[in-house]
Amino acid sequence: MDRDVLILPRDIVHQRITWALAVVFAALSALAVLLLLLVSDVIIPGGFEGNPPARYAYFLENVYEGGDQLLSRPSGVAVSPRGELYVADTGNARIAVFDNGNFVRELRDFDLADTEPEESDADGEGITDTGGKPPRDFETPASLAFASDGRWFVVDISQGLLLAFDEDDICLWSMAFEEEGPVSVKVNVDEARGGEFLYVTTKSGIVVGSLDGDFDRAWMNWGRGEGQLDNPAAALTFVPSKDEAEGEGAELSGEAGQATDGGGSVGTSTRASTRASGPALLLVCDSLNYRVQAYQSFDSSPTLRWVFGAPPSVDAPLNSEDSDRKFGLPVDLALSNRGKLFVLDGLSSEIVVLNAADGSYAYTLSDAGSDNGMLFYPEALCWSKGRIYVADKFNDRVVVFEDIDESAPLEPPVTPKASFNRWLLMLPFALAMLAALVRAVTIRQRRYILDDSFIEALRVNDELRMFVIDNLREICVPTGSETLLAALALPGVTLRIEAFDEATVFELLGEEPRLTEREAAALLVAQKNARRAYLLTASWVLATFAHEKSIAVVTLGEMKVMLSDIARSKQRVDLEALYEESDDKLYEESEGDDLWDAYDDDEEISFL
């Protein structure tokens, strides 16, 4: 008989452990897939509903190389009045300069001018005095901006400095912020005060100062409410036309008011001279509130003109499937000379285009990826002379697009395929875990029914009796057989007495006259537990009839074969242990003498 035919209680325990481990394995596999999905959401984020990609900008080129080094994690871009592209090559701790796509020079350590700015008369907390002469090396250059006279400004994040350079790349001054380090810098035109000013964002607000580093205005209002800010990433001024300011609006393709471009260089107004301008707007990229806010009358009592986006739900701040969410994470702004506001979404890896006058949505550029025209966690952008430059940070490049007139004929957009619900990948693991859990719970203990002939065998066979004591936790007998077990010592084994229907016994005897009444009683008990019962018997007649009734039977002969196999296996194990013990003992006795040296390497040593 195959030993696996008789399933013992320890086998049931092993089965339960196996299925429990299957549950654990399925759960760990599901967790691994879940983590993979979450990581894929971060590495290759999905776009947000409501912003289908459009083709109102054409891909022109990628910029990867800067001299003898590839770009590494670029975090800022700006175009000088001379048309040179400055790239904050953050990973290489330098500023790389390009002209028509060709690398021309780099700036790592810089010369210091003889003059420094005077201490700031800043009005408001969070603005401090100058940091004195800056270090001679960049560490993590990021945001860049140009003034119309060629001066340029850069934020070094790790040093917490705002640095100013002239058109010959000579450092003029540095500014340190004690309480909140600078996040970004833009150069904006202020028509009311006349001239250009620096707009520097910090964690909780915006500070404004002259190009010479004299900061005298601030708006610090951290929070989630309307008008409040949380880590603003950029601030641009925009002067809409009078009609737009009064709320009549204008098409994005029409002429817009005066604006600065996204790189900080000042764009000239394209507004017709006959059109009067309205109040200037301050457009702020409110990053951690996931929105763009437009302030009016910023210098006196700021009021909101429009808002695009909203802070996420407190319960699900990172739920990218929220259909009401407009941005993944806005990280920078740029303005065209036609009133387009380009909002760079770093998490969704796309550019959302709005009407700067009223905040209405226009279209979306690009998508997440590494192909031409795609972005991968971009960090900054600027607009200059009809081109959009994007610091494609995690693709280690600068991507250049051509901003075209949206009235121009376009190729029909490609209809995106229906997105596959990746969470369906969890279904097989969930089903496997459920099946394994159900199986582990439904494995039930077997019942072992002994007839009188098997009980008699226990009385005369000590080896069989010890097997029952060692392996069976519970045995069942029909009513009347308990008297036979009374004289047997079966410590640790629970005895269950099962009643039976005497009338049915006679029916069984009618089917098989060779059965005795006691054998028929044992058969009835086994039938009551047919799905999980073993009938142990020494009667060949009962075993044959039980097989016909589809009852699992183990005969005395099969039990003896099993016991013989167990004995041989135990003997084999004991013999191996004896050999190992003998080897160890002999080695210990010979340790330190020349026993092993007495034999050549080719001679065989045998131990009897």
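Worth saying up front: this structure is predicted, and the values here are computed from it rather than measured.

Asks: How would you sum up the overall build of the chain? Please name residues and give values.
Replies: If you tally the helices and strands in the chain, you get 10 helices and 31 strands. When the 608 residues of the chain are sorted by exposure, 46% land in the buried category. Element-wise, carbon and sulfur atoms account for 52% of the exposed surface of the chain, whose accessible area totals about 30,100 Å².

Asks: Explain the side chain of D286 to me, and be specific about the residues and the numbers.
Replies: Summarising the element assignment, D286 is placed in strand β17 (residues 281–286). Take D286: its relative accessible area is 0%, and that puts it in the buried class. One polar contact links D286 to Q293, side chain to side chain, over a distance of 3.1 Å.

Asks: An account of helix α7 (residues 502–511) is needed here, citing residue identities and associated values.
Replies: Among the residues of α7, V505, L508 and L509 are the ones counted as buried. Buried residues of α7, viewed axially, fall in a sector of 100°; they line one side. For α7, exposure combined with an orientation more than 90 degrees from the buried face picks out F506, E507 and G510. Two to three positions downstream of the cap, the backbone nitrogen of A503 sits 3.2 Å from a side-chain oxygen, assigning the N-cap of α7 to D501.

Asks: How would you explain unusual backbone geometry if you had to name every residue and give the values?
Replies: A positive phi angle is found at A93, which is not glycine, with a value near 55°. Relative to the helices and strands, A93 is located in the loop between β5 (85–89) and β6 (94–99). Positive phi is not limited to glycine here, since N231 has a value of about 55°.

Asks: How would you sum up the sheet that holds strand β22 (residues 350–355)? Please name residues and give values.
Replies: Strand pairing in a sheet is mediated by backbone hydrogen bonds. Such pairs are either parallel or antiparallel. Strands sit in the order β20-β21-β22-β23 across an open sheet of 4 strands; the sheet is antiparallel. Each of the sheet's edge strands pairs with one partner strand only, and the pair in question is β20 (330–335) and β23 (361–365). The average undirected angle you get between the axes of adjacent strands in this sheet is 25°. Two strands pair when backbone bridges link them, and β22 and β23 are joined in this way by 4 bridges, in the antiparallel orientation. Bridge pairing links V353 to Y363 in β23.

Asks: Please provide a residue-by-residue account of the packing of helix α4 (residues 452–460) against helix α5 (residues 462–471), values included.
Replies: Contact geometry of α4 with α5 gives a least axis separation of 5 Å together with a crossing angle of 110°. Put simply, α4 runs roughly perpendicular to α5. The residues of α5 that touch α4, namely those facing F454, A457, L458 and V460, are D462, L464, R465 and V468. Looking at side-chain class alone, the contact of α4 with α5 contains 6 nonpolar, no polar and 2 charged residues.

Asks: Can you lay out a negative patch on the surface for me, pointing to particular residues and giving the numbers?
Replies: Among the surface-exposed residues, D501, E502, E507 and E517 lie close enough to one another that they form a single negatively charged patch. Structurally, E507 can be placed in helix α7.

Asks: Could you give me a rundown of helix α8 (residues 517–528), with the residues and numbers involved?
Replies: The first and last C-alpha atoms of α8 sit 17 Å apart over 12 residues, in line with the 16 Å expected at 1.5 Å per residue. Every buried residue of α8 is accounted for by E519, A520, A521, A522, L523, L524, V525 and A526. Here the buried face of α8 lies against β27 (447–450), β28 (474–478), β29 (494–498), α7, β30 (533–537) and α9 (540–548).

Asks: Please set out the sheet that holds strand β15 (residues 215–220) residue by residue, giving values where relevant.
Replies: Spatially, the 4 strands line up as an open sheet ordered β12-β13-β14-β15, and their pairing is antiparallel. Taken across any chain shown, the strands that pair with only one partner, and hence form the sheet edges, are β12 (184–189) and β15. For this sheet the average axis-to-axis angle between neighbouring strands, irrespective of direction, equals 25°. Pairing geometry for strand β14 (residues 205–209) and β15, over 5 bridges, is antiparallel. Among the inter-strand pairings, I206 is bridged to a residue of β15, identified as W219.

Asks: Residues and numbers for the packing of α7 against α8, please.
Replies: In the contact formed by α7 and α8, the axes pass within 9 Å of each other and the chain directions differ by 110°. As far as their axial angle goes, α8 and α7 are roughly perpendicular. On α8, the residues touching T504, V505, F506, L508 and L509 of α7 are E517, A520, A521, L523 and L524. Residues of the contact of α7 with α8, tallied by class, amount to 8 nonpolar, 1 polar and 1 charged.

About the thresholds
- Residues numbered from 1 in each chain as written.
- Predicted model: local features only at pLDDT ≥ 70, side-chain atom pairs only at ≥ 80, totals over all residues.
- Heavy atoms only, no water.
- Helix = DSSP H or I, 4+ residues; strand = E, 2+ residues; numbered from the N terminus.
- Buried < 20%, exposed > 50% of the residue type's maximum accessible area, 1.4 Å probe, protein only.
- Areas by Shrake-Rupley, 256 points an atom, 1.4 Å probe, with all protein chains shown as cover.
- Polar contact = N/O pair within 3.5 Å; in protein donor to acceptor, adjacent residues only side chain to side chain.
- Arc of directions from axis to C-beta.
- Pairing = 2+ DSSP bridges.
- Axes fitted to C-alpha atoms, helices over the stretch in contact; angles between N-to-C directions.
- Parallel < 35°, antiparallel > 145°, perpendicular 65-115°, else oblique.
- Contact = heavy atoms within 4.5 Å.
- Nonpolar A, V, L, I, M, F, W, Y, C, P; charged D, E, K, R; others polar.
- Patch = residues over 30% accessible without salt bridge, like charges linked within 9 Å, V, L, I, M, F, W, Y side chains within 5 Å.
- Salt bridge = Lys/Arg side-chain N within 4 Å of Asp/Glu carboxyl O.
- Lys, Arg positive; Asp, Glu negative; His and termini not counted.
- Charge placed at Lys NZ, Arg CZ, Asp CG, Glu CD.
- Expected span 1.5 Å × (residues − 1).

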